[in-house]
Amino acid sequence: MYICPHVHLRDEEEAYKETIAHGLLVATQAGFEAVIDMPNNKRQVVNRERVRERLNLAQRAREANSKIVTEYHVHVGLTADPAQLEEAVYCYNEIPEVAGQKLFAGRSIGTLAVIKEDEQKFVFKRLTELGYKGPVVIHAEKEQYMNVGFFDPKRPITHALSRPPLAAIASVKDMIDFSGEAGFQGHLHIAHVSLPDEVYLVQQAKKQGRRISCGVTPHHFMLDESYLRSSDGLLYKMNPPLRSKEEVRELRACVLAGLVDLAENDHAVHSLEEKTNPPYFSGMPSLWMYPHFVKWLGTIGMELENEREPIDVVRFTFGNANKIFGKHGKPLVSEIRIKHTWPISNEEYPMDPRRFCVELT
Ligand SMILES: [Zn+2]
């Protein structure tokens, strides 16, 4: 019933955070037909060997637990290495479960990123030369405008100052410009927009006929930066950071006006130890709470049920992702298998989600 095109199901060396098996089980329970996993793990997913290792883990998880229904897809990470870009395009063209490419235009978790402007331009130029027409998902935060030294773990709100709105907005603009200059024929997806100005840039590019979309995470438009000021502030540290009340209000209006194409979880589990001690990792788990989130969409005015199809919530939580990340003329998910979400179990979850649930009810 839902698609999440943005999860981090670490596994392997980082299985202590979460395994693919666990993530897929939670995703099934929460009602996801498909998830797309991100490549910025300790061992980056940047070539066919790594893609196959990840797909094998998902296959084994399914074989070991018949309750898992959710399909597993991956995005391949992009670097500025021409041979790797060729490999990434090969993966997309040849491996059905590869749904797109991921470009970190600023560092988030791990070292996978293409930061320099000339290298970012090169990536789009090379992908264009290689005839790539699939999606490139962008983590848009420009390092030139970040002030990472501002972060003080004793005052988690400083995280928001260290990655200010300008960093995100400038990066979205760069990505639209650089891909346009290169004549890029693929689809640009701006992940986890946190600011209305990012949405407006995407809108403007759409009007100019570009193939472009944007997504928002439940946390970026349900929560604001006041959570970073709470005693649990470090648990709400993520990239990009939570924004001001005013910005969140306007972002909600953008969603309700249909200017944001889809919801994406950016589900990223870390241990409590890592969240509250060095390295104070960014990211939070969110797959489990998705049914609550959909219910909440109704409370802010999104149409949840109607005789007519398609309604906004279906496009926002399924239809648009199904189109954008489908390939070779086919949608990502060809058959709806989950009609109802199962009762949500909070057991085994490394981070107490009740804290988040309280906000939703
Ligand atoms: Zn992410």
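Just so it is clear, the structure is predicted and the values come from calculations on it, not from any experiment.

Calculation rules
Residues numbered from 1 in each chain as written. Predicted model: local features only at pLDDT ≥ 70, side-chain atom pairs only at ≥ 80, totals over all residues. Heavy atoms only, no water. Helix = DSSP H or I, 4+ residues; strand = E, 2+ residues; numbered from the N terminus. Rg over C-alpha atoms; globule rule 2.2 N^0.38 Å. Buried < 20%, exposed > 50% of the residue type's maximum accessible area, 1.4 Å probe, protein only. Contact = heavy atoms within 4.5 Å. Areas by Shrake-Rupley, 256 points an atom, 1.4 Å probe, with all protein chains shown as cover. Lys, Arg positive; Asp, Glu negative; His and termini not counted. Charge placed at Lys NZ, Arg CZ, Asp CG, Glu CD. Donors = N, O, S within 2.8 Å, 3.2 Å for Na, K, Ca; no water. Expected span 1.5 Å × (residues − 1). Core = buried A, V, L, I, M, F, W, Y, C linked by side-chain atoms within 4.5 Å. Axes fitted to C-alpha atoms, helices over the stretch in contact; angles between N-to-C directions. Parallel < 35°, antiparallel > 145°, perpendicular 65-115°, else oblique. Left-handed = near helix turned anticlockwise from the far one by under 90°. Nonpolar A, V, L, I, M, F, W, Y, C, P; charged D, E, K, R; others polar. Salt bridge = Lys/Arg side-chain N within 4 Å of Asp/Glu carboxyl O.

**With respect to the overall build of the protein chain**
Along the backbone of the protein chain there are 13 helices and nine strands. For the protein chain, the C-alpha radius of gyration of 19 Å lies close to 21 Å, the compact-globule estimate for 361 residues. Dimensions of the protein chain, computed from C-alpha atoms along their principal axes, come out at roughly 50 × 45 × 45 Å. Considering the protein chain as a whole, with its 361 residues, one finds that 58% of them fall into the buried category. In the protein chain, 76% of the contacts between residues at least 6 apart in sequence involve partners at least 24 apart. Looking at the protein chain as shown, the accessible area adds up to about 14,900 Å², and 51% of this sits on carbon and sulfur atoms. Looking at the protein chain, you have 44 positive and 49 negative side-chain charges, and the mean spots of the two groups are 1 Å apart.

**Brief notes about the coordination of the zinc ion**
With distances of 2.1 Å, the protein atoms coordinating the zinc ion are H6 (NE2), H8 (NE2) and D266 (OD). In primary sequence terms, the donor set of the zinc ion follows H-x1-H-x257-D. On the criterion of sequence distance, the pair formed by H6 in strand β1 (residues 2-8) and D266 in the loop between β8 (262-263) and β9 (267-268) is long-range, its members being 260 residues apart. Across the pair, exposure class does not vary: H6 and D266 are buried alike.

**As for helix α3 (residues 82-94)**
Taking 1.5 Å per residue as the helical rise, α3 with its 13 residues ought to reach 18 Å, and the 18 Å between its terminal C-alpha atoms agrees with that figure. Looking at the buried side of α3, the elements it contacts are α2 (48-64), β3 (71-77), β4 (98-104), α4 (117-129) and β5 (135-139).

**Some thoughts on helix α6 (residues 165-182)**
With 18 residues, α6 should reach 26 Å at 1.5 Å per residue; the first-to-last C-alpha distance of 26 Å fits that figure. Turning to α6, its buried residues are A167, A168, A170, S171, V172, D174, M175, I176, F178 and S179.

**Focus: the nonpolar core**
I138, I190, F293 and F316 are the most contacted members of the largest nonpolar core, which totals 84 residues. Element by element, the count of residues in this core is highest for helix α1 (residues 20-30), at six residues. Not counting the four nearest positions on each side in its chain, F293 is found in contact with P218, F221, M222, A263 and F316. Judged by nonpolar contacts, the second largest core, of 14 residues, contains A34, A99, F318 and V333.

**A few points about the packing of α3 against α4**
At a minimum axis separation of 10 Å, α3 and α4 run at an interaxial angle of 50°. Here α4 runs oblique to α3, going by the angle between their axes. The hand of the α3/α4 crossing is right-handed. Counted together, P82, L85, E86 and V89 of α3 and F122, V123, R126 and L127 of α4 form the full contact between these two elements. Here the residues of the contact of α3 with α4 sort into six nonpolar, no polar and two charged.

**Things to note about the packing of α6 against helix α7 (residues 196-207)**
In the contact formed by α6 and α7, the axes pass within 9 Å of each other and the chain directions differ by 15°. When the axis of α6 is compared with that of α7, the two are roughly parallel. Of the two elements, α6 crosses α7, and the hand of that crossing is right-handed. Contacts from A168, I169, V172, K173 and I176 in α6 reach D197, E198, L201, V202 and A205 in α7.

**Here's the deal with the pattern of salt bridges**
As a working rule, side chains carrying opposite charge can pair if their charged atoms are close by. Throughout the structure, instances matching the rule amount to 23 salt bridges. For the salt bridge of D224 with K245, the shortest nitrogen-to-oxygen distance reads 3.6 Å. Of this pair, D224 sits in the loop between α8 (218-222) and α9 (245-256) while K245 sits in helix α9, and the two are 21 residues apart along the sequence. Taking the relative accessible area as the measure of exposure, D224 reaches 12% and is therefore buried. K245 sits in the partly exposed class, given a relative accessible area of 46%. In the salt-bridge network here, residues are joined through shared partners; they are E12, E13, D37, R43, R50, E53 and R54.

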